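# Observations on the three-dimensional arrangement
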Number of protein chains: 2
Amino acid sequence: MATGSKSEQAYAAVKARIVDGTYSPGYRLVLAAIAKDLGVSVVPVREAIRRLEAEGLVTFERNIGATVSGIDPTEYLYTMQTLSIVEGAATALSAPLIGPADIARARAVNEDMRECLQHFDPVRFTALNQDFHSILFEQCPNPHILDLVHRGWNRLASLRSSTFRFVPGRAHESVDEHEALLRLIEAGAGAEEIEKSARRHRAATLDAYLAQSNAGSLNTR
Amino acid sequence: MATGSKSEQAYAAVKARIVDGTYSPGYRLVLAAIAKDLGVSVVPVREAIRRLEAEGLVTFERNIGATVSGIDPTEYLYTMQTLSIVEGAATALSAPLIGPADIARARAVNEDMRECLQHFDPVRFTALNQDFHSILFEQCPNPHILDLVHRGWNRLASLRSSTFRFVPGRAHESVDEHEALLRLIEAGAGAEEIEKSARRHRAATLDAYLAQSNAGSLNTR
DNA sequence: GAGTACGAAATCGTATACGAAGTAATATGG
DNA sequence: CCATATTACTTCGTATACGATTTCGTACTC
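Within each chain, residues carry numbers counting from 1 in the order of the written sequence. Each chain takes a letter, starting from A, and each ligand takes a number, starting from 1, following the order in which they are written. Selection of residues for local features in this predicted model requires a pLDDT of at least 70, selection of side-chain atom pairs for listing and counting requires 80 or more, and totals for whole chains, interfaces and linings are taken over all residues.

Right, let's talk about the protein's contact with DNA strand C for a bit. A residue counts as near a molecule or strand when its C-beta atom, positioned from the backbone, falls within 6 Å of it. In the vicinity of DNA strand C lie 16 residues, with Lys6, Ser7 and Ser41 of chain A together with Leu31 and Gly65 of chain B positioned nearest. Elements that contribute at least two residues to the surface near DNA strand C include exactly helix H1 (6-19) and helix H3 (42-54) of chain A together with helix H2 (31-38) of chain B. Comment: elements are numbered from the N terminus, with helices defined as DSSP H or I runs of at least four residues and strands as E runs of at least two. The element that contributes the greatest number of residues to the surface near DNA strand C is H3 of chain A, accounting for three residues. Broken down by class, the residue content of the surface near DNA strand C amounts to eight nonpolar, six polar and two charged. Residue classes follow a fixed rule: Ala, Val, Leu, Ile, Met, Phe, Trp, Tyr, Cys and Pro count as nonpolar, while Asp, Glu, Lys and Arg count as charged, and any other residue, Gly among them, counts as polar.

Residue and element names in this part refer to chain A. Our exposure labels follow a C-beta count within 10 Å of each residue's own C-beta, placed from the backbone: buried means 20 or more other C-beta atoms, exposed means 12 or fewer, and partly exposed covers the counts in between. Going residue by residue along strand E3 (residues 65-68), you find Ala66 and Val68 tucked away on one face and Gly65 and Thr67 left uncovered on the opposite face. Any two strands with at least two DSSP-identified bridges between them are counted as paired. In the sheet, strand E1 (residues 28-29) pairs with E3 via two bridges, with the strands oriented antiparallel. For Arg28, the partnering residue across the bridge sits in E3 and is Thr67. As defined by bridge partners, strand E2 (residues 58-61) adjoins E3 across four bridges and the pair is classed as antiparallel. Along E3, the bridge assignment pairs Glu61 with Gly65. The antiparallel pairing of E2 with E3 creates a hairpin that spans three residues between the two strands, and Asn63 there sits at a positive phi of about 60 degrees.

The copies are overlaid by a least-squares fit using only the C-alpha atoms of residues whose pLDDT is at least 70 in both copies. Taken as rigid bodies, chain B and chain A are interconverted by a rotation of 180 degrees and an axial shift of 0.0 Å, the fit giving an RMSD of 0.0 Å. One copy is carried onto the other by what is essentially a two-fold rotation axis. By the criterion used throughout, residues are in contact when their C-beta atoms, derived from the backbone, lie within 7 Å. Taken together, the interface assignments show that 92% of the residues at the interface of chain B recur at the interface of chain A, consistent with an identical surface on both copies.

How big an interface is tends to be stated in terms of accessible area lost as the parts join. Residues and elements named next belong to chain A. The domain boundaries here were taken from an automatic or database domain assignment. Taken domain by domain, chain A holds domain 1 (6-68) and domain 2 (73-213). In this structure, domain 1 and domain 2 have C-alpha centres spaced 28 Å apart. Counting residues at the interface gives 10 residues for domain 1 and eight residues for domain 2.

Here is the structure:
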């Protein structure tokens, strides 16, 4: 473990529990309870929660306390839209740095995803999906953009574990879009084209969700 | 003032001092000193600083303390590039909601900027520039994206007050690009076109800076 | 004279304690 | 029986205190 700082430790622990679904959206984060649970004082816990607030993982209200944010479909929509933008940019910026070996790895992951569609394993599918995109991001030379992408993923993770958003036909399309994206990168396509493709990939998932849930529409392009 | 929470008060105060340049980049933020200065205890100050860290305005190191981040040209570059992306998106998403009255206000501001070029008033020019873009952003329906834009502006503000980055010819071009952008919006151009224009507007400023400073190039498109 | 070891000062990190604000339960009057 | 006021409880907000870590200055040795 060797975190050193207890504040850091609290931050990591609470974040992990939000992302893995132990604390689902709406869960009330009581300082004293978490402090006792982690064997530390309330001060580091409080600090950790304020940091998580800045990342958008929890909502904090004065004299009321913190709750795990999420649930709200509108919030999901905002997050997905933002992610489509920063993810698209991150992918485009990474593209020139992606070599054949990375492409091969990504393609292997994508084939595993295709496999998952046979046995209907949405959990593994989701994990592989993250792996796939991680391969395409990780080389992004701009750490700020990469950070924004990670924050978006964390937000989605906290939502996913509670209300599992899964749109039937979408998974198949997704795998095909991945392959198309890989070919673009392989072919050395321009940054603009790659960005557009990556952005539409996520926007399509959002659109599918909106169509299914009949939620209020929003211009996702 | 009626801030209510002292933590909030400390947050606002320190943030303001960073943005207005009282605490310039590299400034060492000593908890006890700030606490005494604000007439509060160190705990709220500490919390405030951790929040500012999450926004990227300060850098925090364990057992060492916080310093106002900035200065580094690389950081400037990352911030501008990120801003070009989120700003472009925010402008495009706002565009359909911008009415003739907003256009008129923005145009008036832009003409004031043109005026500033005559008497060479870079400080006012910068302020008006922020006003101009604010008019185009404020209506962005996605609060997350809007928040990212604001964070970027804050980062730039902290840089600007110390090392004033001003590229000679750039200001004139900038005003012209503003006018072009307004015409696009007026004409009801597509979101894609508006986004590209807004993005290039900022990217051009970055490119001008890079060309002047002979810093290592980066693919800004 | 340069480098290292030691010690003192400064600063951060966390715990504990108490006061403030909000919430829920209960009692009381209509 | 319902509405409202009061009380008790929960939880947050901040101050103070002390231990841990780093940094800087000084003395000592080679």
